[in-house]
Amino acid sequence: MPIALLVFLLLGLIVTIAPGLLVGYFFVAVSGRLSLTARVSSLVALASATAALWLRLGEPANILLPLAMLVSFLVTLASGAMFLGLEARKRRAPRHPAPAWQNW
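All of the points below concern the structure found in this document.

## Brief notes about the pattern of salt bridges
Reasoning step 1: Taken as a whole and assessed by the stated rule, the structure comprises two salt bridges.
Reasoning step 2: With a closest N to O distance of 2.6 Å, Glu 87 and Arg 39 form a salt bridge. Of this pair, Glu 87 sits in helix H3 (residues 65–91) while Arg 39 sits in helix H2 (residues 36–57); the two residues are 48 residues apart in sequence, bridging distant segments of the chain.
Reasoning step 3: Overall, the relative accessible area of 22% leaves Glu 87 in the partly exposed class.
Reasoning step 4: Taking the shortest distance from any N to any O, the salt bridge between Glu 87 and Arg 91 comes out at 3.6 Å. One end of the pair is Glu 87 and the other is Arg 91, both in helix H3 and four residues apart, which spans about a single turn.
Reasoning step 5: Under the relative-accessibility criterion, Arg 91 is labelled exposed at 53%.
Reasoning step 6: Overlapping salt bridges bring together Arg 39, Glu 87 and Arg 91 as one network.

About the cut-offs
- Residues numbered from 1 in each chain as written.
- Predicted model: local features only at pLDDT ≥ 70, side-chain atom pairs only at ≥ 80, totals over all residues.
- Heavy atoms only, no water.
- Salt bridge = Lys/Arg side-chain N within 4 Å of Asp/Glu carboxyl O.
- Helix = DSSP H or I, 4+ residues; strand = E, 2+ residues; numbered from the N terminus.
- Buried < 20%, exposed > 50% of the residue type's maximum accessible area, 1.4 Å probe, protein only.

So far we have only geometry, and geometry alone does not tell us how the molecule works.
Following this line, the structure appears as structure tokens:
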């Protein structure tokens, strides 16, 4: 029985995390022309909306509903911030690679 409980908790965690990861990634991919402040504020609003979506999907009396909302919010923010950072790093990459040292 404890193994079945852990399996169901793991599946629930995967179901909670996957939409947040995808929403954060696709938001960064789509919002390329906005300024950074607009992208960050929109990402926070989108993460809040993703978390609020769990109110419609879950039962209000469920004890784990606030936890699912919190996990979804944090995962969406973390995913969006990570992909924004990766995109910024690509933009700041040097245009010309440094010359390699010659073998002595």
